[in-house]
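# An overview of the molecular structure
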Amino acid sequence: MKKVLITGGAGFLGSSLAQGMLDRGMSVALVDNLSTGDLRKIPQHEHARFIKCDVNKYNDIASVITSQKFDYVFHYAAVVGVKRTLERPVSVLEDIHGIENMLNLCKNTGVKRFFFTSSSEVYGEPVEFPQNEETTPLNSRLPYAIVKNVGEAFCRSYYQEYGLPYTVLRFFNTYGPKQSVDFVMSKFIKAALANRPLTIYGDGSQTRTFCFVKNNVEAIIKCLEEGIYVNDVVNVGSDQSISILQLAQKIIEIAQSKSIIEFLPPLKEGDMTRRKPDITKMSRLIKNFTSLEEGVRQIIESDIFYQLNNIDKAKTLFPV
Ligand SMILES: NC(=O)c1ccc[n+]([C@@H]2O[C@H](COP(=O)([O-])OP(=O)(O)OC[C@H]3O[C@@H](n4cnc5c(N)ncnc54)[C@H](O)[C@@H]3O)[C@@H](O)[C@H]2O)c1
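Sequence order sets the numbering: in each chain, residues are counted from 1 along the sequence as written. In keeping with the predicted nature of the model, local features appear solely for residues at pLDDT of at least 70, side-chain atom pairs appear and are counted solely at 80 or more, and the whole-chain, interface and lining totals rest on all residues.

### A short note on the domain arrangement of the chain
Annotation comment: domain bounds sourced from an automatic or database domain assignment. Partitioning the chain into structural domains gives domain 1 (3-173 + 210-236) and domain 2 (176-209 + 239-275 + 290-315). Computed over C-alpha atoms, the centres of domain 1 and domain 2 are 25 Å apart. We call two residues in contact whenever the C-beta atoms placed from their backbones are within 7 Å. Opposite the 26 residues of domain 1 that make contact, domain 2 presents 22 residues. By the criteria applied, helices consist of DSSP H or I runs no shorter than four residues and strands consist of E runs no shorter than two, each listed in order from the N terminus. Here the side of domain 1 that touches domain 2 takes four residues from helix 3 (residues 82-87), the largest share from any one element. Along the lines of polarity and charge, the residues of the side of domain 1 that touches domain 2 split into twelve nonpolar, seven polar and seven charged. In this classification, Asp, Glu, Lys and Arg are treated as charged, Ala, Val, Leu, Ile, Met, Phe, Trp, Tyr, Cys and Pro as nonpolar, and every other residue, Gly included, as polar.

Following this line, the structure appears as structure tokens:
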């Protein structure tokens, strides 16, 4: 049985990956400091184990990694969210300690591959489209993006000097039932279900691509199981673009909501005009992408979205 460690395991993507791995018969340890994580996201399974721990503190994470032998490690723990990362740049930079701790511990404990979650933010304000792993220059300026860029450099360096295999996963916007309402998709769905206004920064013409979490998890498990993109970088996302205004309109339509759309002044920084990955490499990992309509419907039909947001599903969908 493959033994996997996921940091940030009580978060949206870490807990979703854990479920996918448990379904494939792997054993999963999840660590999280619960800063934005939520224990309700962690899969209940005989082969899943949660350990509360701060990866930025060496002694905390060292005892977890040295007390058992992990085959694969997925480093997902990070301070995330545009607003939070802009407001707390020092906390964001502290995540460099976490990356270094993880690599130092993994290089000495027989880990077969280290997966690092980078972000489309490393491309910064776009210089070309679609954004390609090899040819698009990285243009990171904000602390969050810089930390991801540094993390990528750490991975390459630890492979070069210590032979620790790695894969850098450059995630583009991903959404799903367990994502927090700090992010646009969940925020819009929550507002639409309550018939409250959907608020947009700027005129809503900024475009994004949205990848459903199921596709993200499937791609990563294939990457692991078939030994693909070892010591390499892969964009993980969808290439179907939609403007934020169109997204708001679509969600209102799917949720059959009476919400209106409100416009706020544009954010001063951090809200890139466009994002779109080159998914040539990603297409080797997954062929069939979930449509945006289907993904939004799956969130509206899920139970966990309502539990995490303390919404009464019955009253929302079938108001008296
Ligand atoms: N969701 C996306 O669209 C997206 C896009 C690009 C990159 N990413 C990256 O993917 C990873 C997972 O993101 P997510 O969307 O699941 O966010 P999330 O906030 O749901 O999960 C992150 C988890 O890490 C935990 N954490 C933070 N600092 C920690 C620390 N020092 N020690 C232990 N745990 C800590 C948090 O409590 C949280 O549970 C992050 O590295 C993020 O930067 C996500």
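From this point, things continue past the structure.
### Details of helix 7 (residues 213-225)
Each α-helix turn comprises 3.6 residues. Residues three or four places apart therefore point the same way. What a helix should span is 1.5 Å times the count of its residues minus one. When the terminal C-alpha atoms of helix 7 are compared, their 18 Å separation across 13 residues agrees well with the 18 Å that a helix rising 1.5 Å per residue should span. Inspection of helix 7 places V213, N215, N216, V217, A219, I220, C223 and L224 among the buried residues, and these make up the whole buried set. Each element contacted by the buried residues of helix 7 is listed here: helix 1 (12-23), strand 4 (72-75), strand 6 (166-171), strand 7 (174-175), strand 10 (211-212) and strand 11 (232-236). At the C-terminal side of helix 7, G227 shows a positive phi close to 60 degrees. Partly exposed residues are those falling between the two cut-offs: more than 12 but fewer than 20 other C-beta atoms within 10 Å of their own, whereas 20 or more means buried and 12 or fewer means exposed, with C-beta atoms placed from the backbone.

### Side note on the packing of helix 4 (residues 89-107) against helix 5 (residues 143-162)
Angles shown run from 0 to 180 degrees and are taken between the N-to-C directions of axes, each axis being a line fitted to C-alpha atoms and, for helices, limited to the stretch in contact. Two elements in contact, helix 4 and helix 5, have axes separated by 9 Å at closest approach and are oriented at 15 degrees. As far as their axial angle goes, helix 5 and helix 4 are roughly parallel. At the point where helix 4 passes helix 5, the crossing takes the right-handed sense. Of helix 5, the residues touching helix 4 (which contributes P89, V92, L93, D95, I96, I99, E100, L103 and K107) are P143, Y144, V147, V150, G151, F154, Y158 and Y162. Of the residues assigned to the contact of helix 4 with helix 5, the class counts are 13 nonpolar, one polar and three charged. Here roughly perpendicular refers to angles of 65 to 115 degrees, roughly parallel to angles under 35, roughly antiparallel to angles over 145, and oblique to all remaining angles. In this scheme the crossing of two helices becomes right-handed for a clockwise turn of the near helix relative to the far one and left-handed for an anticlockwise turn of less than a right angle.

### Observations regarding the site of the ligand
For each residue, a C-beta atom is positioned from the backbone; the residue is called near a molecule or strand if that atom sits within 6 Å of it. Around the ligand there are 29 residues in total, and G8, G11, L13, G37 and F171 lie nearest to it. Of all the elements in the fold, those that place two or more residues in the shell around the ligand are helix 1, strand 2 (27-32) and strand 5 (113-119). Ranked by residue count, the leading element in the shell around the ligand is helix 1, at three residues.

### Remarks on the packing of helix 8 (residues 244-254) against helix 9 (residues 292-301)
When two helices pack together, you describe them by how their axes are tilted relative to each other and by the distance separating the axes. One can describe the packing of helix 8 onto helix 9 by two numbers: an axis separation of 10 Å at closest approach and a directional angle of 55 degrees. One element, helix 8, and the other, helix 9, form an angle in the oblique class. Relative to helix 9, the crossing made by helix 8 is right-handed. Contacts from K250, I251 and I254 in helix 8 reach L292, E293, V296, R297 and I300 in helix 9. A breakdown of the residues in the contact of helix 8 with helix 9 according to their chemical character gives five nonpolar, no polar and three charged.

### Some words on the environment of K112
Inspection of the secondary structure puts K112 in the loop between helix 4 and strand 5. The exposure class assigned to K112 is partly exposed, which follows from the 15 C-beta atoms found within 10 Å.

### Description of unusual backbone geometry
In this structure, P130 follows F129 across a cis peptide bond, with omega equal to -15 degrees. The phi torsion at N231 lies on the positive side, around 55 degrees, for a residue other than glycine. With respect to the helices and strands, the residue N231 is situated in the loop between helix 7 and strand 11. A positive phi angle is found at Q256, which is not glycine, with a value near 50 degrees.

### Concerning helix 9
Of the positions making up helix 9, those classed as buried are L292, G295, V296, I299 and I300. Relative to the axis of helix 9, the buried residues are bounded by an arc of 135 degrees and lie together on one face. Facing away from the buried side of helix 9 by more than 90 degrees, the exposed set consists of E293, E294 and E301. Tucked inside the fold, the buried residues of helix 9 contact strand 7, helix 6 (184-193), strand 10, strand 12 (241-243), helix 8 and helix 10 (304-308). Arc definition: it is the arc formed by the directions from the helix axis to the C-beta atoms.

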